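# Coordinate analysis (summary)
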Amino acid sequence: MANNWTERDVPTQQGRVAVVTGSNTGLGFETARVLAQAGAEVVLAVRDTDKGEAARQRITAAAPESAVRVLRLDLGSLESIAAAATELHESTPRVDLLINNAGVMYPPKQSTADGFELQFGTNHLGHFAWTAQVLDLLLDVPNSRVVTVASIAHRIRAAIHFDDLQWERSYERVAAYGQSKLANLLFHYELQRRLQARPRADHGTVAIAAHPGIADTELVRNLPRALQGLQAAAPLFSHDAAHGALPQLRAATDPGALGGQYYGPDGLGERRGAPRVVTSSQQSYDLDLQHRLWAVSEQLTGIAFPV
């Protein structure tokens, strides 16, 4: 494995179809840009289609031969998710890469259209429902991958509060974000186990996760007041979105990547650096937690997986 893996190491993606959520800005945009430049047909799955169109134009200006289109997807609405899944099925016979990148971090207390706490509802439940409804487009496509974008925050005040998943008793934005990102990894490991149990699993879809370290993106706009002073010092411990996207790009495209792996930066504290295989928290490997969260997620969304 290359020790200093960069976007130049992305192999040709000619003939492949990649769907990237939250790809109008930040990590998602950089991921979509690199995949398009490598020859993939890229679907920008975004909530704001005007911003998505602007992103599409930026990508095609840099890669005039690329095929990039915009799909409206609001991960905070199960109705929107179902509509987007239907549209994707109508327009796309198969998908090679599903990159679940979109997310919200540290917002004031808000709820999704379906009444879920915004961070848990968008970061986890939204992607759970989205993946369930489009996974059939990936199954048995050779070397297809579901990439879940997690965060080092899955270690920070993180637990799955089954007695109050929607933070109705009290709301702590940092802990709520930690819950949502821990949920991402619990989902990732359980999904890989289910995929691996399928017939012909050695040639079909795998699940791989990644985290960007600390990347300077719009996601930090809701930092709590106590942490806003850190932004001035951010260049000392963070990297830009292009570098932050490298772990998810490696998870998506490195021929040597394996199902169940988790990629992150190789620097101190995994805050920045070149992408490599890393480990997640002990909680994230808990089989009982994985099973229980999966069952609760199916119940809350009303959607069952095809695996």
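Figured I'd write up the structure that's included with this text. This one's a predicted model, so the numbers in the text were calculated from it and none came from an experiment. (Residues numbered from 1 in each chain as written. Predicted model: local features only at pLDDT ≥ 70, side-chain atom pairs only at ≥ 80, totals over all residues. Heavy atoms only, no water.)

## So, the sheet that holds strand β10 (residues 275–277)
If you trace the eight strands from one edge of the open sheet to the other, you get β3-β2-β1-β4-β5-β6-β9-β10, paired in mixed fashion. Of all strands in the sheet, those with a lone pairing partner are β3 (67–72) and β10, marking the two edges. Across the sheet, the mean angle separating the axes of adjacent strands is 20° when strand polarity is ignored. Taken together, the three bridges between strand β9 (residues 262–265) and β10 define a ladder with antiparallel strand orientation. Residue pairing across strands places Gly264 opposite Arg276, the latter belonging to β10. Packed on one face of the sheet, helix α8 (residues 246–253) meets β4 (97–100), β5 (145–149), β6 (206–210), β9 and β10 and runs near 165° to β5. (Pairing = 2+ DSSP bridges. Helix = DSSP H or I, 4+ residues; strand = E, 2+ residues; numbered from the N terminus. Axes fitted to C-alpha atoms, helices over the stretch in contact; angles between N-to-C directions. Contact = heavy atoms within 4.5 Å.)

## Concerning the packing of helix α5 (residues 173–196) against helix α9 (residues 287–301)
Relative orientation of the contacting elements α5 and α9 amounts to 90°, with a least axis distance of 9 Å. Relative to α9, the element α5 lies roughly perpendicular. Of α9, the residues touching α5 (which contributes Ala183, Leu186, Phe187, Tyr189, Glu190, Leu191, Arg193 and Arg194) are Leu287, Leu289, Gln290, His291, Leu293 and Trp294. Classifying every residue of the contact of α5 with α9 by side-chain character gives nine nonpolar, two polar and three charged. (Parallel < 35°, antiparallel > 145°, perpendicular 65-115°, else oblique. Nonpolar A, V, L, I, M, F, W, Y, C, P; charged D, E, K, R; others polar.)

## Focus on unusual backbone geometry
In the Ramachandran plot, Tyr106 falls in the positive-phi region, its phi being about 60° despite a non-glycine side chain. Looking at the secondary structure, you find Tyr106 in the loop between β4 and α4 (118–134). For Tyr106, a relative accessible area of 8% corresponds to the buried category. Although it is not a glycine, Asn143 sits at a positive phi angle of roughly 60°. As for its position among the elements, Asn143 is in the loop between α4 and β5. By relative accessible area, Asn143 is classed as exposed at 55%. (Buried < 20%, exposed > 50% of the residue type's maximum accessible area, 1.4 Å probe, protein only.)

## With respect to the side chain of Thr122
Looking at the element boundaries, Thr122 is found in helix α4. Sequence-distant contacts of Thr122, that is, excluding residues within four places in its chain, are made with Leu75, Gly76, Val104, Thr112, Glu117 and His127.

## Re the pattern of salt bridges
Taken as a whole and assessed by the stated rule, the structure comprises 12 salt bridges. One salt bridge connects Arg56 with Glu53, and the closest N-O pair in it is separated by 2.7 Å. With Arg56 and Glu53 both in helix α2 (residues 49–62), this residue pair falls three residues apart, about one helical turn. Assessed through its relative accessible area of 22%, Arg56 is described here as partly exposed. On the basis of relative accessible area, Glu53 is assigned to the partly exposed category, the value being 29%. One connected set of salt bridges, linked through shared partners, spans Glu7, Glu30 and Arg33. (Salt bridge = Lys/Arg side-chain N within 4 Å of Asp/Glu carboxyl O.)

## Some remarks on the nonpolar core
Counting 45 residues, the largest nonpolar core has Val19, Leu88, Trp130, Leu135, Ile160, Leu191 and Phe305 as its most contacted members. Only β2 (41–46), α3 (78–91), α4, α5 and α9 provide two or more residues apiece to this core. Top contributing element to this core by residue count: α4, with seven residues. Once residues within four sequence positions are removed from consideration, Ile160 is found in contact with Leu165, Gln179, Leu182, Ala183, Leu186 and Leu293. Grouped together as the second largest cluster of nonpolar side chains are 30 residues, Leu97, Ala251, Ala252 and Tyr263 included. (Core = buried A, V, L, I, M, F, W, Y, C linked by side-chain atoms within 4.5 Å.)

## Some thoughts on the environment of Thr301
Mapped onto the elements of the fold, Thr301 is located in helix α9. Considered as a pair, Thr301 and Ala197 are 104 residues apart in the sequence and their alpha carbons are 24 Å apart. Excluding residues within four positions of it along the chain, Thr301 makes contact with Leu78, Leu125, Phe128 and Ala129. Only 2.8 Å separates the side chain of Thr301 from the backbone oxygen of Ser297, close enough to count as a polar contact. (Polar contact = N/O pair within 3.5 Å; in protein donor to acceptor, adjacent residues only side chain to side chain.)

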